[in-house]
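# Observations on the model geometry
Read off the chains here:
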Amino acid sequence: MGSQPSAAVENPSGRISFSNRLSIIAVAAGSAIGLGNIWKFPYIAGVNGGAAFIVVYLACICIIGLPVLTSEFIIGRRGQKNVIGSYVRLAGKSSPWLTGGFISLFCSATILSFYGVVAGWSLEYIVKALTNSFAGKTPAEVGGLFGSFVSSPLKPIIWQLVFMGITAAVICAGVKKGIERFSTVMMPLLLAIIVLLCIRSVTLPGAENGIAFLFKPDFSKLSAAGMLDALGHAFFTLSLGAGTMITYGSYFNKKEGLAATAVQVSVADTVIAILAGVAIFPAVFSFGLEPGAGPGLVFVTLPNVFAQMPGGYFFCILFFVLIAVAALTSSVSMLEVGVAYVTEDLGIDRVKATLLLTFLISFVGIFCSLSFGRLKELTFFSKNVFDLADFLVSNIGMPLAGMLSVLFVAWGLGRTNVEDEMSSGGSVPIGYLSAFMIVTKYLAPLGIAIVFLHSLGII
Ligand code: PHE
């Protein structure tokens, strides 16, 4: 569209919206805070030398994360529709910008297919923790437990389906009664659990070594690949390029300042990621274990830590509940992207749309789950199904869709529309508009392009 403000602006459009500011933060932070914060962030920080990695990561959140997040909120709230509908309304029916919407839709569904698998593991680990399965086991035995669980043909799939079922139930209940109510209850719970775990971790003997690992940067440990990991992770952790923040943005009321919301969500997301590090590393160091264990950090190293820690039985249960809760508020946001599209644009009712999409996504997810066992040998471009799905979205789809959303806002929507939407029709002061335009026009796209080319092995 040109630079004329669209009709969507004055129109509170009758679209359902979240009740208040607090719920907006809870749902958006609920989407952002997930396995990315509690499972992935600590282990990639661990393998990349801790504090130095965190410094780079914070810079990436500011330079790329914030502008893209704000852009996605702008598209959603101005479009007042699902991810595709919003692009159609703002750019026109046959506009090439629609590509961004379709890639986002694909990404949300694909992420959920493998996300549900790892989230399902956390449910099994809640049961393992409740039944005290790690007590008295050697680290090798705990590792073996994980290996045999993820490679077994049925159990992980059952847990994945249970997880998908809970996600679907929340979505069926609706935007306000489902998503909003669920996130506003779960997010304070999540915060309470993580604070408890942090207190336990930092009061262990030798905890200071873990704190130093997290907060004293040693840049000699940071490689170029680590820096690019930080960029890529900034994307994943803020749920960018998957249509979630566009869809949620369409449920924001017209009064809220979008940039302020983006800042608050990013701060909440970052604080939780760092708290996850504080809950994990001091304990890992206290028991002399390896901080750079990689993806097994949470499912192998930590159960070992809990098995030796005073009160470990209780904290182990809490930890896996924390992962499950964080994953659920994110998976709900992924499923809503597709459900909003199917209900609004294809005219299928909400329950049917939810069931249909849950079925399709879970079906693909089964292959992701089996790629740790029976289908290990099934590879494409030397990646198993799980890794392929992850690679396609994390390294290609999300950066591409995120890039398109920021470019669309800067170049397609244009300054007049952006000003109108960001200032909520003139009621929120936005002295930073010029800076925002420069960042969205040049800096953020350039940063994303670098991550993208790196992910593809081109640089
Ligand atoms: N941000 C979520 C996490 O950190 C993952 C996610 C990606 C959620 C994309 C929604 C969309 O775990």
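As shown above, the structure is provided for reference.
Residues numbered from 1 in each chain as written. Predicted model: local features only at pLDDT ≥ 70, side-chain atom pairs only at ≥ 80, totals over all residues. Heavy atoms only, no water.

### Things to note about the overall build of the chain
- The number of helices and strands found in the chain is 17 helices and two strands.
- In terms of overall size, the chain behaves like a compact globule, its C-alpha atoms giving a radius of gyration of 21 Å where 459 residues would be expected to give roughly 23 Å.
- Overall, the C-alpha framework of the chain stretches about 65 × 45 × 45 Å when taken along its three principal axes.
- Looking at the chain residue by residue over its 459 residues, the buried ones come to 60%.
- Long-range contacts, defined here as pairs at least 24 residues apart, represent 81% of the contacts in the chain between residues at least 6 apart. (Helix = DSSP H or I, 4+ residues; strand = E, 2+ residues; numbered from the N terminus. Rg over C-alpha atoms; globule rule 2.2 N^0.38 Å. Buried < 20%, exposed > 50% of the residue type's maximum accessible area, 1.4 Å probe, protein only. Contact = heavy atoms within 4.5 Å.)

### Structural notes on the packing of helix 9 (residues 207–215) against helix 12 (residues 258–286)
- Between helix 9 and helix 12, the shortest axis-to-axis distance is 7 Å and the interhelical angle comes to 135°. When the axes of helix 9 and helix 12 are compared, the pair comes out oblique. Remark: the crossing between helix 9 and helix 12 carries right-handed chirality. Where helix 9 abuts helix 12, its residues A207, N209, G210, I211, F213, L214 and F215 lie against I274, G277, V278, F281, P282 and F285.
- When the residues that make up the contact of helix 9 with helix 12 are grouped by side-chain class, the tally is 10 nonpolar, three polar and no charged. (Axes fitted to C-alpha atoms, helices over the stretch in contact; angles between N-to-C directions. Parallel < 35°, antiparallel > 145°, perpendicular 65-115°, else oblique. Left-handed = near helix turned anticlockwise from the far one by under 90°. Nonpolar A, V, L, I, M, F, W, Y, C, P; charged D, E, K, R; others polar.)

### Examining helix 14 (residues 312–346)
- Taking 1.5 Å per residue, 35 residues should reach 51 Å; helix 14 reaches 50 Å between its end C-alpha atoms and fits that length.
- Along its length, helix 14 shows its largest kink, about 25°, at E336.
- Of all 35 residues in helix 14, 29 are buried; the element is thus mostly enclosed. (Expected span 1.5 Å × (residues − 1). Bend = angle between axes of the 7 residues up to and from the residue.)

### Here we look at the packing of aromatic side chains
- Taken as a whole and judged by the stated rule, the model has 30 aromatic pairs.
- Arranged with centres 5.9 Å apart and planes meeting at 85°, the rings of W411 and Y442 form a pair that is edge-to-face. Here W411 is found in helix 16 (residues 385–422), whereas its partner Y442 is found in helix 17 (residues 433–455), with 31 residues between them in sequence.
- Note on W411: relative accessible area 47%, which makes it partly exposed.
- These aromatic residues form a ring-pair network of at least three members: F114, W121, Y125, F134, F146, F149, F299, F306, F319, F320, F372 and F386.
- Residue placement shows K128 over the ring face of Y125; its charged tip is 5.7 Å from the ring centre.
- Against the face of F391 rests K383, its NZ or CZ located 4.6 Å from the ring centre. (Phe/Tyr/Trp six-rings, centres within 6.5 Å; stacked < 30°, edge-to-face > 60°. Lys NZ or Arg CZ within 6 Å of the ring centre and 35° of its normal.)

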